[in-house]
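# Architecture at a glance
Chain residues, written in single-letter form:
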Amino acid sequence: MTEASSDAVSIPDKFYFKIGEVAQIAGVLPYVLRFWETEFRQIRPKRTESGQRLYRRQDVLLILRIKHLLYDKKFTIQGARQDLRMKSAERPDPMPAAAKPPDLAEIHDELVRIRELIDAHRLRPSESSGDDGHPPAEKVIDHLRAISAQAFKLIHDLDARRKLIDRYFCVHPSTSHVHGQWHPVKTDHIPMEWVMASGADAHRRILYIHGGSWISGSLAGYRAFLSRISQATGAVVLAVDYRLAPEHPFPAGLDDCVQAYQWMRENGPHNPWPASATFLMGDSAGGNLALASLLKINDDSLPLPTAVVAISPATDFTGKSPSLASRASVDPIIHPDILPALIPIYLGRQIEPTHPYASPLFGNYTGLPPLLLQVGDWEVLLDDSTRLAEHATAQGCDVTLDIWEGMPHVFQGFAPFLPEATAAIEKIGAFVRKHGLRP
């Protein structure tokens, strides 16, 4: 072991490092390193035939610089990217692949340069970090990994898993704050809840269908998030507590959503009155149901909604999306095997996975209203959105595909703690206003 400098970590005297070694040197978890590889293209580990990452010494130096920028000096990801681009423009790659590893003086000089760059481009901590000084995105990823680990332990306790999933967005107290008012309503057997931000137009209505793998999710778990949706769109939101599997398998939940949509068209939060504009919106399994509801509404010759927003939707039960493999190592919450496991629970054995109401990817979108598909590029479900966008666009549907770099499944629910979530909700608001919700 050799010391890089009096205030730096020890760096072994070798050329290539395995990911575990780099994680130990930098003091971060391996999945953080994989995230930084995505965010900072200057990190270029060598890949072996078996897929193992081998980091060069200059990669380790870049990782140490990035950690110092993000943790110690609390740069934003964008600010750190800008810094590294400037650094690259000032001088060439610090060490060609075949060069001799830098000596101690070079490492010390490098760390001095890092401190100089930080001092020249420092950002306020409040702009880039959570309460504990760590970047919000990193804290969200840690939170989701913890949820995933707990859910696995509760695999045979459905009630406990449902309570756990209700805390999906609870990474920070700010995510639980409700803007505005809410009150319950019920039609036939379907419990629902109106969520209304101050000033929202009661004649312009969104039916929101929550996620939860068709087996979990609740009105209370989404209330705060939906208040921000109402605030951004200027519309009132009707959240539907549709029936869940395995107690009520397909198509019970879908039937509830279509029935709730029909009721919402004629009834507002305060009195029976037709809506001037209606929207379907949902996330994950709820995104699947929003799209399936659109297809069924069209098939049943019912009045179509003004537009549809699907957040991280599951659109293909056949499991053929490439991202199920390409994003498996970075998705902190969804395992690729979850969809096959849900087929007997949700669909049963009588429904083909290719049925459009089960897998909206196989639906006909000709003549249907505009779609917004919003998804993070760290999701195994990423290509469920990209493939649907391509499919529906080819059929003449107006599709907006909005991919968020480095974001996990349904990251929008982590607003206002996660800045990207707030920005994504603002884009949803702009889409909805553009297609009928004008102030």
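Residues numbered from 1 in each chain as written. Predicted model: local features only at pLDDT ≥ 70, side-chain atom pairs only at ≥ 80, totals over all residues. Heavy atoms only, no water.

## Regarding the overall build of the chain
Within the chain, the regular secondary structure consists of 14 helices and 13 strands. Looking at the chain as a whole, 54% of its 439 residues are labelled buried. Within the chain, counting contacts between residues at least 6 apart in sequence, those at least 24 apart form 75% of the total. Split by element, the accessible area of the chain, about 18900 Å² in all, is 53% carbon and sulfur. (Helix = DSSP H or I, 4+ residues; strand = E, 2+ residues; numbered from the N terminus. Buried < 20%, exposed > 50% of the residue type's maximum accessible area, 1.4 Å probe, protein only. Contact = heavy atoms within 4.5 Å. Areas by Shrake-Rupley, 256 points an atom, 1.4 Å probe, with all protein chains shown as cover.)

## Section: the packing of aromatic side chains
Applying the stated criterion across every chain, the model contains 14 aromatic pairs. A centroid spacing of 5.1 Å and a plane angle of 35° characterise the contact between Trp-214 and Phe-317, whose relative ring orientation is tilted. Of this pair, Trp-214 sits in the loop between β8 (201–209) and α8 (219–233) while Phe-317 sits in the loop between β11 (307–311) and α11 (323–326), placing them 103 residues apart in sequence. For the residue pair Trp-214 and Phe-317, the accessibility class agrees, reading buried in each case. Relative to Tyr-346, the ring of Trp-214 has its centre 5.0 Å away and its plane inclined at 20°; by these criteria the two rings are stacked. Here Tyr-346 lies in helix α12 (residues 338–347) and Trp-214 lies in the loop between β8 and α8, a separation of 132 residues in the sequence. In this pair, the class of Trp-214 matches that of Tyr-346, namely buried. One aromatic cluster is present, built from ring pairs that chain together Tyr-168, Phe-169, Tyr-208, Tyr-222, Phe-225 and Phe-414. (Phe/Tyr/Trp six-rings, centres within 6.5 Å; stacked < 30°, edge-to-face > 60°.)

## Examining the sheet that holds strand β4 (residues 46–47)
Across the sheet, which stays open at both edges, the 3 strands sit in the order β3-β5-β4 with antiparallel pairing between neighbours. With partners counted over all chains shown, the strands left at the sheet margins are β3 (16–18) and β4, one partner each. Relative to strand β5 (residues 53–56), β4 runs antiparallel, the two being bridged by 2 bridges. Of the residues in β5, the one forming a bridge with Arg-47 is Arg-53. Across the face of the sheet, helix α1 (residues 19–26) comes into contact with β3 and β5 while running at roughly 90° to β3. (Pairing = 2+ DSSP bridges. Axes fitted to C-alpha atoms, helices over the stretch in contact; angles between N-to-C directions.)

## A closer look at the side chain of His-143
Along the polypeptide, His-143 turns up in helix α6 (residues 136–153). Judged by its relative accessible area of 16%, His-143 is buried. Within the structure, His-143 has its side chain in polar contact with the backbone oxygen of Arg-167 (distance 3.4 Å). (Polar contact = N/O pair within 3.5 Å; in protein donor to acceptor, adjacent residues only side chain to side chain.)

## Remarks on helix α9 (residues 252–266)
Within an α-helix, residues lying three or four positions from one another point in the same direction, as the helix has 3.6 residues per turn. Helix length check: α9, at 15 residues, gives a terminal C-alpha distance of 22 Å against a target of 21 Å (1.5 Å per residue), a fit within 8%. Listing the buried residues of α9 in full gives Ala-252, Gly-253, Leu-254, Asp-256, Cys-257, Val-258, Ala-260, Tyr-261, Trp-263 and Met-264. (Expected span 1.5 Å × (residues − 1).)

## Quick look at the packing of α8 against helix α14 (residues 419–434)
When two helices pack together, their arrangement is given by the angle between their axes and by how far apart the axes lie. Contact geometry for α8 and α14: axes closest at 8 Å, N-to-C directions at 50°. Comparing their axes, α14 and α8 come out oblique. The two elements α8 and α14 cross, and the hand of that crossing is right-handed. The residues of α14 that touch α8, namely those facing Phe-225, Arg-228, Ile-229, Gln-231, Ala-232 and Thr-233, are Ile-425, Ile-428, Gly-429, Val-432 and Arg-433. (Parallel < 35°, antiparallel > 145°, perpendicular 65-115°, else oblique. Left-handed = near helix turned anticlockwise from the far one by under 90°.)

## Concerning the confidence of the model for the chain
Model confidence for the chain is summarised by a mean pLDDT of 84, while 82% of its residues fall at 70 or above. Here residues 90–104 is a poorly scored stretch, pLDDT under 50, and it has 24 contacts once near neighbours within four places are set aside; other chains count. (pLDDT = per-residue confidence, 0-100.)

## A closer look at the sheet that holds strand β7 (residues 190–196)
Overall, mixed pairing links the 8 strands, which are arranged β6-β7-β9-β8-β10-β11-β12-β13 in an open sheet. Two strands in the sheet have a free side with no partner beyond their single neighbour: β6 (181–187) and β13 (399–404). Strand-to-strand twist in this sheet, taken as the mean axis angle between neighbours without regard to direction, amounts to 20°. As paired elements, strand β10 (residues 277–283) and β11 share 5 bridges and run parallel to each other. The residue bridging Phe-279 from the neighbouring strand is Ala-307, located in β11. Running over the sheet, helix α13 (residues 382–394) touches β12 (371–376) and β13 and is turned about 160° from β13.

## Some details on the side chain of Lys-296
Position of Lys-296 relative to the elements: it lies in helix α10 (residues 285–299). In this view, Lys-296 contacts Leu-254, Asp-255, Val-258 and Tyr-357; residues no more than four positions away in its chain are not counted.

## Some remarks on the pattern of salt bridges
Summed over the entire model, instances satisfying the criterion amount to 8 salt bridges. Two residues, Asp-59 and Arg-56, come together in a salt bridge whose shortest N-O distance is 3.3 Å. Judged by its relative accessible area of 0%, Asp-59 falls in the buried class. When its relative accessible area of 10% is taken as the criterion, Arg-56 is described as buried. The shortest N-O distance in the salt bridge between Asp-300 and Lys-296 comes to 2.8 Å. (Salt bridge = Lys/Arg side-chain N within 4 Å of Asp/Glu carboxyl O.)

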